[in-house]
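# Breakdown of the fold
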Amino acid sequence: MNDFATKVLWIYIILLLIGGMIGFFKGKSKVSLITSTVFAVLLVLTLLPGVLRLRFANNLANILLLVLLVVFAIRLAKTKKFMPSGLMLIATIVALALKNLLG
């Protein structure tokens, strides 16, 4: 993964964690906090050099982002509220596109 893709993922990880914390503190959702933390940790593992093979790390990051894309799309469809799932859906699409098209 090149520097641009790495930066995109770090920014996304930070947004994911912030979103989980907001969900926990504002909506008392432990699920949001736990889910965002687990996905953030897994994404961090894909970025750490030497932890995973490069191709596997890149593929795993893509799979994790695709899973999150589906999760946020389902949540948006259920709640019909843009915040927070709609925003995170857009952030996920942007991260996935930038990582793979420009990265």
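The preceding data block contains the structure.
These remarks concern the structure in this document. If you're wondering where the values come from, they're calculated on a predicted model, not measured in any experiment.

Thresholds, definitions, all that
- Residues numbered from 1 in each chain as written.
- Predicted model: local features only at pLDDT ≥ 70, side-chain atom pairs only at ≥ 80, totals over all residues.
- Heavy atoms only, no water.
- Helix = DSSP H or I, 4+ residues; strand = E, 2+ residues; numbered from the N terminus.
- Buried < 20%, exposed > 50% of the residue type's maximum accessible area, 1.4 Å probe, protein only.
- Contact = heavy atoms within 4.5 Å.
- Areas by Shrake-Rupley, 256 points an atom, 1.4 Å probe, with all protein chains shown as cover.

All right, on to the overall build of the protein then. The secondary structure content of the protein amounts to four helices and zero strands. Viewed in the frame of its principal axes, the protein has a C-alpha envelope of about 35 × 25 × 15 Å. For the protein, the proportion of its 103 residues judged to be buried stands at 30%. Considering only intrachain contacts with a sequence separation of at least 6, the fraction spanning at least 24 residues in the protein is 60%. When the accessible surface of the protein is totalled, it reaches about 6600 Å², and 75% of it is carbon and sulfur.

On to unusual backbone geometry, then. Met-83 connects to Pro-84 through a cis peptide bond whose omega is 0°. Mapped onto the elements, Pro-84 comes out in helix H4 (residues 82–102). Within the chain, Lys-28 stands out as a residue other than glycine whose phi angle is a positive 55°. As for its position among the elements, Lys-28 is in the loop between helix H1 (3–27) and helix H2 (30–47). Judged by relative accessible area, Lys-28 falls into the exposed class, the value being 65%. Positive phi, normally seen in glycine, also occurs at Lys-80, with a value near 60°. Structurally, Lys-80 is set in the loop between helix H3 (54–79) and H4.

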